[in-house]
Amino acid sequence: MKIDSILKYSSFTLLSASLLLMGCALETENSHAYLPDAQTEAAGVYIKQCGACHSVPHPKRLSATAWKNILVVMDKRRQERKYPPLTEAQRKKIMRYLDAHAR
Ligand code: HEC
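Residues numbered from 1 in each chain as written. Predicted model: local features only at pLDDT ≥ 70, side-chain atom pairs only at ≥ 80, totals over all residues.

Caption draft 1: Representation of the site of the ligand in the model. Neighbouring residues of the ligand: 15 residues in total, closest Cys-50, Cys-53, Met-74, Arg-77 and Arg-81. Elements with a contribution of two residues or more to the shell around the ligand: α2 (41-50) and α3 (64-80). By residue number, the principal contributor to the shell around the ligand is α3, which donates 6 residues. Counted by class, the shell around the ligand contains 10 nonpolar, 2 polar and 3 charged residues. (Near = placed C-beta within 6 Å. Helix = DSSP H or I, 4+ residues; strand = E, 2+ residues; numbered from the N terminus. Nonpolar A, V, L, I, M, F, W, Y, C, P; charged D, E, K, R; others polar.)

Okay, here's the thing in structure tokens:
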């Protein structure tokens, strides 16, 4: 390999590596930006508790009543996987968040 092609190659890898790293940083910062009120505390609880096993569902996906039923099913999924149950405070925040943004 000639020296100039080596240089070209290595700057290309460097560039792609830094783009990749930047992509990851953006990903972790904004990965839930699609959610309504994503910066609020309630959204934080929702993201953490409802994104532990699968991607975080958008609240507009279901009606408030349907979310209430889903929460019961997810309580069972938590039990099956030996996850600690939601605390009352967490449940209230999640329900309020879903109520406010449901379909
Ligand atoms: C312990 C793991 C776990 C946690 C935590 C969890 N889920 Fe799930 N969730 C599952 C599994 C497994 C499925 C797929 C099987 C099913 O539908 O029950 C699922 C499916 C779903 C579905 C799709 C159901 C359907 O019929 O299409 C929704 C919506 C959902 N979860 C919402 C939530 C919400 C909201 C929370 C937070 C309160 C939550 N999940 C937390 C395990 C979990």
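Caption draft 2: Highlighting unusual backbone geometry. Of note, Asp-37 is a non-glycine position whose phi angle comes to about 45°, a positive value. Its 13 C-beta neighbours within 10 Å are what place Asp-37 among the partly exposed residues. Although it is not a glycine, Lys-82 adopts a positive phi angle of roughly 60°. Among the secondary structure elements, Lys-82 is positioned in the loop between α3 and α4 (88-101). (Buried ≥ 20, exposed ≤ 12 C-beta atoms within 10 Å, placed from the backbone.)

Caption draft 3: Expanded view of the nonpolar core. The biggest cluster of nonpolar side chains holds 9 residues, and these are Leu-35, Ala-43, Val-45, Tyr-46, Cys-50, Trp-67, Ile-94, Tyr-97 and Leu-98. Every element with two or more residues in this core is listed here: α2 and α4. Ranked by residue count, the leading element in this core is α2, at 4 residues. Non-local contacts of Val-45, meaning those with residues more than four positions away in its chain, are made with Gln-90, Lys-93 and Ile-94. (Core = buried A, V, L, I, M, F, W, Y, C linked by C-beta atoms within 7 Å. Contact = placed C-beta atoms within 7 Å.)

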